[in-house]
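Tertiary structure, described
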Amino acid sequence: MPYPIPVEELVESGMIVKTHGIRGKVLITFSNGLLPKNINDFCFLNFDGMFVPFLPLEVEQLNETFYYFTFHFVDNINIAKKLTGKPIYHDVRKCKFLDNNVIGPYLSGYTVYDENGNYLGKIIAIIRGKQFLFELRSPEGKIIYLPAIKEFILNNERVSKKLTIHFPTEWKSLL
């Protein structure tokens, strides 16, 4: 049963990737390093700033991170298509962290600090490739690109969207 949850306690847990079939089933990936403790528990989708609860009717696990979901009241492909591409959110208290330092699109909007607490900027994009990059807007408004190295992530505060990273002295010239 849905219960009141402060928006500050919702974390992006996955993404609705695509539809499957014509009866409203969708493919969800949980590639952000966390899973709901109870996969059948309700989740939230953001519609124009309003978090709407969705209760799974049926869940089918494909592998560790991919699941087929059928939600209550989503019973055809037209409704399901409106959900594709949307991130899903869960109550952080009801999630288990598999890998808190995984790098993914959910990091967009995070503020980034070095190990000394100095503010480096805000992540405006994650650029995928052989080497992922953080596209940061510095406090001065300058765009800088930093290698997104998982081992350099010292702390990932998902609720406050704050990332603390190891910032080598060789990178100081980028600022």
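Read on for an overview of the structure. Quick caveat, the model's predicted, so the values are computed rather than measured. (Residues numbered from 1 in each chain as written. Predicted model: local features only at pLDDT ≥ 70, side-chain atom pairs only at ≥ 80, totals over all residues. Heavy atoms only, no water.)

Attention now moves to the overall build of the protein chain. In terms of regular secondary structure, the protein chain is built from one helix and 15 strands. In terms of principal-axis extent, the alpha carbons of the protein chain reach across some 55 × 35 × 30 Å. Evaluated residue by residue, the protein chain yields a buried proportion of 39% over its 175 residues. Partitioning the contacts of the protein chain with sequence separation of at least 6, the portion at a separation of at least 24 is 55%. By element, 55% of the accessible surface of the protein chain is carried by carbon and sulfur atoms, the whole surface being about 9600 Å². Looking at charge distribution, the protein chain has the averaged site of its 20 positive side-chain charges lying 5 Å from that of its 18 negative ones. (Helix = DSSP H or I, 4+ residues; strand = E, 2+ residues; numbered from the N terminus. Buried < 20%, exposed > 50% of the residue type's maximum accessible area, 1.4 Å probe, protein only. Contact = heavy atoms within 4.5 Å. Areas by Shrake-Rupley, 256 points an atom, 1.4 Å probe, with all protein chains shown as cover. Lys, Arg positive; Asp, Glu negative; His and termini not counted. Charge placed at Lys NZ, Arg CZ, Asp CG, Glu CD.)

What follows covers the sheet that holds strand E15 (residues 162-165). Across the sheet, six strands lie side by side as E13-E12-E11-E10-E15-E14; this open sheet has mixed pairing. Single-partner strands in this sheet number two, and they are strand E13 (143-147) and strand E14 (153-157). Strand-to-strand, the axes of this sheet are offset by a mean angle of 35 degrees, without reference to chain direction. Direction of pairing for strand E10 (residues 111-114) relative to strand E11 (residues 119-127): antiparallel, over a ladder of three bridges. Of the residues in E11, the one forming a bridge with Val112 is Gly121. (Pairing = 2+ DSSP bridges. Axes fitted to C-alpha atoms, helices over the stretch in contact; angles between N-to-C directions.)

Next up on the list: the sheet that holds strand E1 (residues 10-20). In space, the seven strands of this open sheet follow the order E5-E4-E8-E1-E2-E7-E6, with antiparallel pairing throughout. Every interior strand has two partners, whereas the edge strands, strand E5 (50-54) and strand E6 (56-61), have only one. Recorded for the sheet is a direction-independent mean angle of 40 degrees between the axes of neighbouring strands.

With that out of the way, let us pick up the state of the cysteines. Enumeration over the complete set of coordinates arrives at zero disulfides. Of all cysteine sulfurs in the structure, the one in Cys95 sits closest to Cys43, which takes part in no disulfide; the separation is 10 Å. (Disulfide = S-S within 2.5 Å.)

As a working rule, side chains carrying opposite charge can pair if their charged atoms are close by. One pass over the structure, following the stated rule, counts five salt bridges. Here Arg93 and Glu9 are joined by a salt bridge, their closest N and O atoms 3.1 Å apart. Of this pair, Arg93 sits in the loop between strand E8 (87-91) and strand E9 (95-97) while Glu9 sits in the segment before E1, and the two are 84 residues apart along the sequence. By relative accessible area, which is 47% here, Arg93 ends up partly exposed. With a shortest N-O distance of 3.9 Å, Glu58 and Lys25 are connected by a salt bridge. Placement of the pair is Glu58 in strand E6 and Lys25 in strand E2 (residues 25-29), with a sequence separation of 33 residues. Salt bridges sharing partners connect three or more residues here, namely Glu9, Asp91 and Arg93. (Salt bridge = Lys/Arg side-chain N within 4 Å of Asp/Glu carboxyl O.)

On to unusual backbone geometry, then. Look at Asp48: it is not a glycine, yet its phi comes out positive at around 55 degrees. Checked against the element boundaries, Asp48 lands in the loop between strand E4 (43-47) and E5. On the basis of relative accessible area, Asp48 is assigned to the exposed category, the value being 86%. A positive phi angle, near 55 degrees, is found at Lys161, a position not held by glycine.

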